[in-house]
Amino acid sequence: METILKVEDINVYYGSIHAIKGVSFEVREGEIVTLIGANGAGKSTTLNTVSGLLHSKSGSISFMGKPLDRVAPHKIVEMGLAQVPEGRRVFLQMTVEENLEMGAYTQPNSGVDSDLEKVYGLFPRLKERRRQIAGTLSGGEQQMLAMGRALMSHPKLLMLDEPSMGLAPILVEQIFDIIQDLHKAGSTILLVEQNALMALSIADRGYVLETGTIVTTGTGMELIQSPAIKKAYLGG
Ligand code: ATP
């Protein structure tokens, strides 16, 4: 399988704080890869560096064989990399449909209507609420909207930052079902999660981050069965 994203030995700082220390990982075409780790391990920092919002001091990141270092975030989106940020960050004053249309800004107008129908097929709840102001949606609906908005850009890689955050268990299951549907339809997904059990159970491969360093990697199944991972992340 072709490697879509390759991150090699990156180091990211917030002032004097060394938040990411020599992290390397890759995502291949068609995979779900998860980065798991506790609060503050550096998961969001890693994603935000890939999407160009933060910069690494050393190391390299390449996407579809092209270097991403110093490429502006909007150019990275145009290259086919979409991020669903932690806390969704939908446009609260706009309607559901306007939010989705914003996601299509990299696309020619002619395809937007059929893309909207595809997203509504995936998330019927959003179709019912297409004229509703996004700020009045529930947390789960906002997560669906943020994912739908990202899909409107036809991403070659979809990066999801803690999609389960703040959602009731039933909604977490719905979101994870949708992630699996996207995977079956051929999407490549990089999933950051604190909910390690859910993430590893759907991931082809996973990486475990601890205080800015990758300490373990393996298939989702290997990691779920590892005694050390069970003890540290899966409640024993
Ligand atoms: P969470 O699950 O809580 O979001 P995370 O694994 O995504 O955690 P990060 O948000 O990437 O972790 O944070 C990694 C480290 O960098 C933490 O120690 C955090 O305090 C620090 N950090 C994050 N953002 C900043 C910032 N803007 N300024 C200074 N330090 C920061």
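Quick caveat: nothing in here was measured; it's all calculated off a predicted structure.

> Residue-level account of the environment of Leu 92, with values.
With respect to the element layout, Leu 92 can be found in the loop between β6 (81-84) and α3 (96-103). On a C-alpha basis, the gap between Leu 92 and His 183 in space is 28 Å, while along the polypeptide they are 91 residues apart.

> Tell me what's going on with the pairing of strand β10 (residues 213-219), and back it up with residues and numbers.
Bridging between strand β9 (residues 205-210) and β10 involves six bridges; their strand directions are antiparallel. Of the residues in β10, the one forming a bridge with Arg 205 is Thr 219. Between β9 and β10, which pair antiparallel in sequence order, lie two residues; one of them, Thr 211, sits at a positive phi of approximately 35°.

> Summarise the nonpolar core; cite the residues concerned and give the values.
In this structure, Met 147, Leu 158 and Ile 179 are the most contacted members of the largest nonpolar core, which totals 44 residues. Filtering out sequence-adjacent residues up to four positions away, Met 147 remains in contact with Val 84, Phe 123, Leu 160, Ile 175, Ile 178, Ile 179 and Leu 182.

> Could you give an account of the sheet that holds strand β3 (residues 32-36), with specific residues and numbers?
Pairing is mixed in the open sheet, where six strands are placed in the order β6-β7-β8-β3-β9-β10. Each edge of the open sheet is held by one strand with a lone partner, namely β6 and β10. Between one strand and the next, the sheet's axes are offset by a mean angle of 15°, whatever the strand orientation. The pairing of strand β7 (residues 157-161) with strand β8 (residues 189-193) spans four bridges and is parallel. If you follow Leu 160 over to β8, its bridge partner there is Leu 191. Where helix α7 (residues 169-184) meets the sheet, its contacts fall on β3, β7 and β8, and the angle it forms with β8 comes to roughly 160°.

> Can you break down the environment of Ser 226 residue by residue, with the values?
Structurally, the position occupied by Ser 226 is in the loop between α9 (220-225) and α10 (227-233). Taking relative accessible area as the criterion, Ser 226 reaches 18% and is therefore assigned buried. Separated by 159 residues in the primary sequence, Ser 226 and Pro 67 have C-alpha atoms spaced 34 Å apart. Here Ile 229 takes part through its backbone nitrogen, which lies 3.1 Å from a polar atom of the side chain of Ser 226.

> I'd like a description of the site of the ligand, backed by residues and values.
The environment of the ligand is formed by 13 residues, the closest being Asn 39, Gly 40, Lys 43, Ser 44 and Thr 45. Tyr 14 places a polar side-chain atom, nitrogen or oxygen, 3.4 Å from a nitrogen atom of the ligand. Asn 39 places a polar side-chain atom, nitrogen or oxygen, 2.6 Å from an oxygen atom of the ligand. For the ligand, whose unbound accessible area comes to 630 Å², protein coverage reaches 61%. For the shell around the ligand, the residue count by class is four nonpolar, six polar and three charged.

> Give a detailed account of the pattern of salt bridges, specifying residues and quantitative values.
Taken as a whole and assessed by the stated rule, the structure comprises 12 salt bridges. In this structure, a network of salt bridges that share partners links the residues Lys 6, Glu 26, Arg 28, Glu 31 and Arg 205.

Parameters and conventions
Residues numbered from 1 in each chain as written. Predicted model: local features only at pLDDT ≥ 70, side-chain atom pairs only at ≥ 80, totals over all residues. Heavy atoms only, no water. Helix = DSSP H or I, 4+ residues; strand = E, 2+ residues; numbered from the N terminus. Pairing = 2+ DSSP bridges. Core = buried A, V, L, I, M, F, W, Y, C linked by side-chain atoms within 4.5 Å. Buried < 20%, exposed > 50% of the residue type's maximum accessible area, 1.4 Å probe, protein only. Contact = heavy atoms within 4.5 Å. Axes fitted to C-alpha atoms, helices over the stretch in contact; angles between N-to-C directions. Polar contact = N/O pair within 3.5 Å; in protein donor to acceptor, adjacent residues only side chain to side chain. Near = heavy atom within 4 Å. Areas by Shrake-Rupley, 256 points an atom, 1.4 Å probe, with all protein chains shown as cover. Nonpolar A, V, L, I, M, F, W, Y, C, P; charged D, E, K, R; others polar. Salt bridge = Lys/Arg side-chain N within 4 Å of Asp/Glu carboxyl O.

None of the figures reported here should be taken as evidence of function without further support.
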